[in-house]
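# Inside the fold
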Amino acid sequence: AMPWWFQNKCRLNIRLKFHFILAFLGLSYAWLSNLALGYHIPTSVFVSLKNGLLIANLIIGRLFLGKYYSRAQQIAVLFVTLGLIFTYYRAKALTAKASQNLHTYSD
């Protein structure tokens, strides 16, 4: 049994169905991440794109949770998102070029 002081601090008022929803979403995220690796993008780009959740957190926090973010936070998320987009397209171009070079050497 837990001590009384620990029980009071750990008591949460979250319904069980929300725990199941969060577990389902976590498993779905892991499954979709594994699926994304099947599209032959470099692992470094995949890891970078996983960090693109910043913009989703900002939008959901503002629209559904009523959170407010400072201008500096919004600009930082914008720059990170633009950097991720640039990384994706640059890696895509390099992958296409490497694939083209592979085909020319194999012919």
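Keep in mind that this is a model prediction, so the values were computed, not measured.

Within the protein chain one finds 5 helices and 0 strands. Per-residue burial over the protein chain gives 8% buried out of 107 residues. When contacts within the protein chain are restricted to residue pairs at least 6 apart in sequence, those whose partners lie at least 24 apart make up 50%. Summing over all exposed atoms, the protein chain offers an accessible surface of approximately 9500 Å²; the carbon and sulfur share of this is 68%.

This next bit is on the environment of Leu 54. Mapped onto the elements, Leu 54 comes out in helix H4 (residues 53-63). Distance in space between the C-alpha atoms of Leu 54 and Ala 76 is 9.6 Å, their sequence separation being 22 residues. Other than its neighbours up to four places away in sequence, Leu 54 contacts Val 77 and Val 80.

Taken together, the side chains of Ile 55, Ile 59, Ile 60, Leu 63, Phe 64 and Leu 65 make up a nonpolar region of the molecular surface, amounting to roughly 630 Å² of accessible area. Following the sequence through the fold, Ile 60 ends up in helix H4.

Inspection of the secondary structure puts Tyr 69 in the loop between H4 and helix H5 (71-106). Among the residues examined, Tyr 69 registers a relative accessible area of 25% and is labelled partly exposed. Considered as a pair, Tyr 69 and Leu 58 are 11 residues apart in the sequence and their alpha carbons are 7.8 Å apart. Beyond its immediate stretch of four places on either side in the chain, Tyr 69 contacts Asn 57, Leu 58, Gly 61, Arg 62 and Gln 74.

Scoring rules and cut-offs
- Residues numbered from 1 in each chain as written.
- Predicted model: local features only at pLDDT ≥ 70, side-chain atom pairs only at ≥ 80, totals over all residues.
- Heavy atoms only, no water.
- Helix = DSSP H or I, 4+ residues; strand = E, 2+ residues; numbered from the N terminus.
- Buried < 20%, exposed > 50% of the residue type's maximum accessible area, 1.4 Å probe, protein only.
- Contact = heavy atoms within 4.5 Å.
- Areas by Shrake-Rupley, 256 points an atom, 1.4 Å probe, with all protein chains shown as cover.
- Patch = residues over 30% accessible without salt bridge, like charges linked within 9 Å, V, L, I, M, F, W, Y side chains within 5 Å.
- Salt bridge = Lys/Arg side-chain N within 4 Å of Asp/Glu carboxyl O.

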